[in-house]
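Here are the chains, one letter per residue:
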Amino acid sequence: MNASHYYRILGISENASTEEIKNAFRRQAKAYHPDLNKSESAHEQFISINEAYTYLMGLHGSSPNRQSDQASQDEYYRQWVERERQKARARAAQRARMKFREFQNSSIYKTTSLLSHLLDYFLLILGIFIIIAAGIGLYSQGLYIEDNDGEYLNIRGIIADLVITIAGILFITLSWSNIKTYRHNLKKSNE
């Protein structure tokens, strides 16, 4: 086994960011927690997901040159297996014995959930900023460009501002959808 194996367990690419690892862990943990998933393999899959998360977070926390070449990754893996694998599996087994409600109250689940929620608010604010910047850009450029031959419609500027505005709208739409879902789930869990 190597790092590729753990990326596959979480269903992410090998160049995934720390945030993508955390989000993938949350999704997979919820899907395979034995309290919610009654398949025979859910317990073992849940343990593997926790093991992959622990390993990849350790790999991403190591020095950048450790992540750069395959030999360094393999060496890091061997060292990690010796020190951490059994500890990670024991923690995961403990979490698997919890009811899902207890697992949701665990620090690892709450932390990844909070980080994901904060990212949604950041993207919402970023989307608003992008739309405002596009409006200011269009206003400062104007709809027309003056040339020696007369005035011409500023097609490039208008298209650029339109594309930027669409990107901002996508950021707002996706983040607002996630925020509403999070609030709905929070309200539902408090009932």
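None of these values were measured; they are calculated from a predicted model. (Residues numbered from 1 in each chain as written. Predicted model: local features only at pLDDT ≥ 70, side-chain atom pairs only at ≥ 80, totals over all residues. Heavy atoms only, no water.)

Undergrad: Could you give me a rundown of the overall build of the protein, with the residues and numbers involved?
TA: Within the protein, the secondary structure is distributed over seven helices and two strands. In the protein, the succession of helices and strands from N to C terminus is α-α-α-α-α-α-β-β-α. The C-alpha radius of gyration of the protein comes to 23 Å, more than 25% above the 16 Å expected for a compact globule of 191 residues. Projected onto its principal axes, the C-alpha positions of the protein cover 75 × 50 × 25 Å. Out of the 191 residues belonging to the protein, those deemed buried represent 33%. Sequence-distant contacts in the protein: of pairs separated by 6 or more residues, those separated by 24 or more amount to 65%. Of the roughly 12100 Å² of accessible surface on the protein, a fraction of 57% belongs to carbon and sulfur atoms. When the 23 positive and 20 negative side-chain charges of the protein are each reduced to one mean point, those points stand 14 Å apart. (Helix = DSSP H or I, 4+ residues; strand = E, 2+ residues; numbered from the N terminus. Rg over C-alpha atoms; globule rule 2.2 N^0.38 Å. Buried < 20%, exposed > 50% of the residue type's maximum accessible area, 1.4 Å probe, protein only. Contact = heavy atoms within 4.5 Å. Areas by Shrake-Rupley, 256 points an atom, 1.4 Å probe, with all protein chains shown as cover. Lys, Arg positive; Asp, Glu negative; His and termini not counted. Charge placed at Lys NZ, Arg CZ, Asp CG, Glu CD.)

Undergrad: Break down the nonpolar core for me, with residues and values.
TA: Here is a general trend for soluble globular proteins: nonpolar side chains tend to be buried in one another's company. Ranked by size, the top nonpolar core spans 25 residues in total, and within it Leu-10, Ile-12, Tyr-55, Leu-56 and Phe-103 carry the most contacts. At the level of elements, α1 (3-10), α2 (18-32), α3 (42-61), α4 (70-97), α5 (100-104) and α6 (107-141) are the ones that each hand at least two residues to this core. When sequence neighbours within four positions are dropped, the list of residues in contact with Leu-56 reads Ala-3, Tyr-6, Tyr-7, Leu-10, Ile-12 and Ile-21. (Core = buried A, V, L, I, M, F, W, Y, C linked by side-chain atoms within 4.5 Å.)

Undergrad: Account for helix α7 (residues 155-190), naming residues and giving values.
TA: In a regular helix each residue adds 1.5 Å, so 36 residues correspond to 52 Å; α7 covers 52 Å between its end C-alpha atoms and thus fits that length. Taken residue by residue, α7 has Gly-157, Asp-161, Gly-168, Ser-175 and Ile-179 as its buried positions. Among the structural elements, α6 are those in contact with the buried residues of α7. (Expected span 1.5 Å × (residues − 1).)

Undergrad: How would you sum up the layout of surface pockets? Please name residues and give values.
TA: Space inside the largest pocket adds up to approximately 810 Å³. As for the largest pocket, its lining consists of 22 residues, and the residues nearest its centre are Arg-26, Tyr-109, Ser-113, Tyr-182 and Asn-185. Among the secondary structure elements, those contributing two or more residues to the lining of the largest pocket are α2, α5, α6 and α7. Across the lining of the largest pocket, the residue classes break down as five nonpolar, ten polar and seven charged. (1 Å grid on protein atoms, 1.4 Å probe; cavity = no way out; pocket = protein on both sides within 12 Å on 5 of 7 lines; lining within 4 Å. Points joined across faces, edges and corners; volume = space filled by probe spheres on them. Nonpolar A, V, L, I, M, F, W, Y, C, P; charged D, E, K, R; others polar.)

Undergrad: Tell me about the packing of aromatic side chains, and name the residues and values.
TA: Geometry of an aromatic ring pair is reported as the spacing of the ring centres plus the angle between the planes. Throughout the structure, instances matching the rule amount to six aromatic pairs. Taken together, a centroid distance of 5.3 Å and an interplanar angle of 80° make the contact between Phe-46 and Phe-103 edge-to-face. With a gap of 57 residues between them, Phe-46 in helix α3 and Phe-103 in helix α5 connect regions that are remote in the sequence. Phe-103 carries the same exposure label as Phe-46, and that label is buried. Taken together, the ring pairs in this structure connect Phe-46, Phe-100, Phe-103 and Tyr-109 into an aromatic cluster. The lysine or arginine in question, Arg-26, covers the ring of Tyr-109, its NZ or CZ lying 5.9 Å from the ring centre. (Phe/Tyr/Trp six-rings, centres within 6.5 Å; stacked < 30°, edge-to-face > 60°. Lys NZ or Arg CZ within 6 Å of the ring centre and 35° of its normal.)

Undergrad: Requested: an account of the confidence of the model for the protein, with residues and values cited.
TA: Within the protein, residue pLDDT values average 84, and 94% of them lie at 70 or more. Considering only residues more than four positions removed or in separate chains, one finds that residues 63-67, a stretch of pLDDT under 50, has nine contacts. (pLDDT = per-residue confidence, 0-100.)

Undergrad: How would you sum up the environment of Ala-71? Please name residues and give values.
TA: With respect to the helices, strands and loops of the structure, Ala-71 is situated in helix α4. Considering only alpha carbons, one finds Ala-71 and Ile-136, 65 residues apart in sequence, at a separation of 50 Å.

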